[in-house]
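Observations on the three-dimensional arrangement
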Amino acid sequence: MSNIKQEEHKECRLKYFPVMMFAIVMGISGLTISFQKAKEFIGLPSWVPYYMEYLSLGLFGIIALVYIIKLLVYPSEVAAEWKHPVRINFFSAISISMLMLAIITRHDYPAMGSWFWYAGAAMHTFMTLYTITFWISHNQEINHSNPAWFIPIVGNVLVPVGGVGLASHSVLMYYFSVGLFFWIILLGIILNRIIFHHQLAQKFLPTLFIMLAPPAVAFIAYFKLYHSVDVFAHFLYSIALFFTFMLAFMSPKFFGIKYAISWWAFIFPLAAMSIASMLMYHKMQDSFNLYMSYTMVTVATIMTLLVLAQTIIHIIKKEICIDE
């Protein structure tokens, strides 16, 4: 009987292995890029981003392999996630992860970095067009809107960050423009839902941090495209700074939240803001940006360790597979 129960547990863990697990790769990869910039700009020891690079690649390989096995064994469960109004957005976490791995590996393994970028950009293009078509073809409930909607559409602003030298300026500007345009639209929709309709469920409160990512990543992309910090760059960074302060002010609301995979939504935006702050300090040599850089790198690191510890604990307790 015990062997049967063990097999059932294994099947459960595979059957309900969520696509949201790729948010872990997003978080760890974001922190890795943050450490790479910290080595360059604020003197972080080089061994830290070196080992984080391989951790990011390893996590992506493991999670991708498990999800492919789930696709082969339980295709109906993957189809159910694909049709789910919230979970469909996290399929774009796969392409975002590949785009981030392209940034991470481009220096040490340029061929691998190029492959990750082209594959990630192609998949994200499909996800953007599919998601917009899905929204247009099926009426959406206002209560289904949440910050995760940013991932498949606004995630386009990440494409230029690793694409310089791999695609023309016009192609990269296309992705930057699409992401920025829909950021403004979706931000209005999501704020309308949160302010005038039902509040986010407690387990999805961490996704509020996703609102920090678009302006921070847009600033990084704009800097990569034009290598300058002009008025528009200052605007993007200042909006990101506002969301950072707002989320810090709201921090009491995040204490006591029951663990869920959505906790990984904390990490990538914090890492993006740390990178933006380091780039701003590099160009402006402003002490405020230096303090922000140290603060954001520290906060992103601590949050990653806390979320990673909780994730490991819940995997050991076999609670990750629960279909919530």
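For the structure given in this document, a descriptive report is provided here. (Residues numbered from 1 in each chain as written. Predicted model: local features only at pLDDT ≥ 70, side-chain atom pairs only at ≥ 80, totals over all residues. Heavy atoms only, no water.)

A separate point is the overall build of the protein. Within the protein, the regular secondary structure consists of 13 helices and zero strands. N-terminal to C-terminal, the α/β element order of the protein is α-α-α-α-α-α-α-α-α-α-α-α-α. Its C-alpha atoms give the protein a radius of gyration of 19 Å, near enough to 20 Å, the size a compact globule of 324 residues would have. With respect to the three principal axes, the spread of C-alpha positions in the protein is 65 × 45 × 40 Å. Taken over 324 residues, the protein has a buried fraction of 53%. Surface accessibility of the protein: about 15,100 Å² in total, with carbon and sulfur atoms responsible for 69%. Charged side chains of the protein number 18 positive and 14 negative; the gap between the two group centres comes to 2 Å. (Helix = DSSP H or I, 4+ residues; strand = E, 2+ residues; numbered from the N terminus. Rg over C-alpha atoms; globule rule 2.2 N^0.38 Å. Buried < 20%, exposed > 50% of the residue type's maximum accessible area, 1.4 Å probe, protein only. Areas by Shrake-Rupley, 256 points an atom, 1.4 Å probe, with all protein chains shown as cover. Lys, Arg positive; Asp, Glu negative; His and termini not counted. Charge placed at Lys NZ, Arg CZ, Asp CG, Glu CD.)

A word on the packing of helix α3 (residues 47-73) against helix α5 (residues 92-105). For the pair α3 and α5, interaxial distance at closest approach is 11 Å and the crossing angle is 150°. Taken together, the axes of α3 and α5 lie roughly antiparallel to each other. You can see that α3 and α5 cross each other, and the crossing is left-handed. Across the interface between the two elements, Glu53, Ser56, Leu57 and Phe60 of α3 pack against Ile94, Ser97, Met98, Leu101, Ile104 and Thr105 of α5. In terms of residue class, the contact of α3 with α5 is made up of six nonpolar, three polar and one charged. (Axes fitted to C-alpha atoms, helices over the stretch in contact; angles between N-to-C directions. Parallel < 35°, antiparallel > 145°, perpendicular 65-115°, else oblique. Left-handed = near helix turned anticlockwise from the far one by under 90°. Contact = heavy atoms within 4.5 Å. Nonpolar A, V, L, I, M, F, W, Y, C, P; charged D, E, K, R; others polar.)

What follows concerns the nonpolar core. One finds Phe22, Phe150, Leu208, Phe219, Phe254 and Met273 to be the most contacted residues of the largest nonpolar core, which totals 114 residues. Contact partners of Leu208, with chain neighbours within four places excluded, come to Pro147, Ile194, Leu200, Leu247, Met250 and Phe254. (Core = buried A, V, L, I, M, F, W, Y, C linked by side-chain atoms within 4.5 Å.)

What follows is about α5. A rise of 1.5 Å per residue sets the reference length of α5, with its 14 residues, at 20 Å; its end C-alpha atoms lie 20 Å apart and thus fit the reference within 8%. Along α5, 14 of the 14 residues are buried, which leaves the element largely enclosed by surrounding structure. (Expected span 1.5 Å × (residues − 1).)

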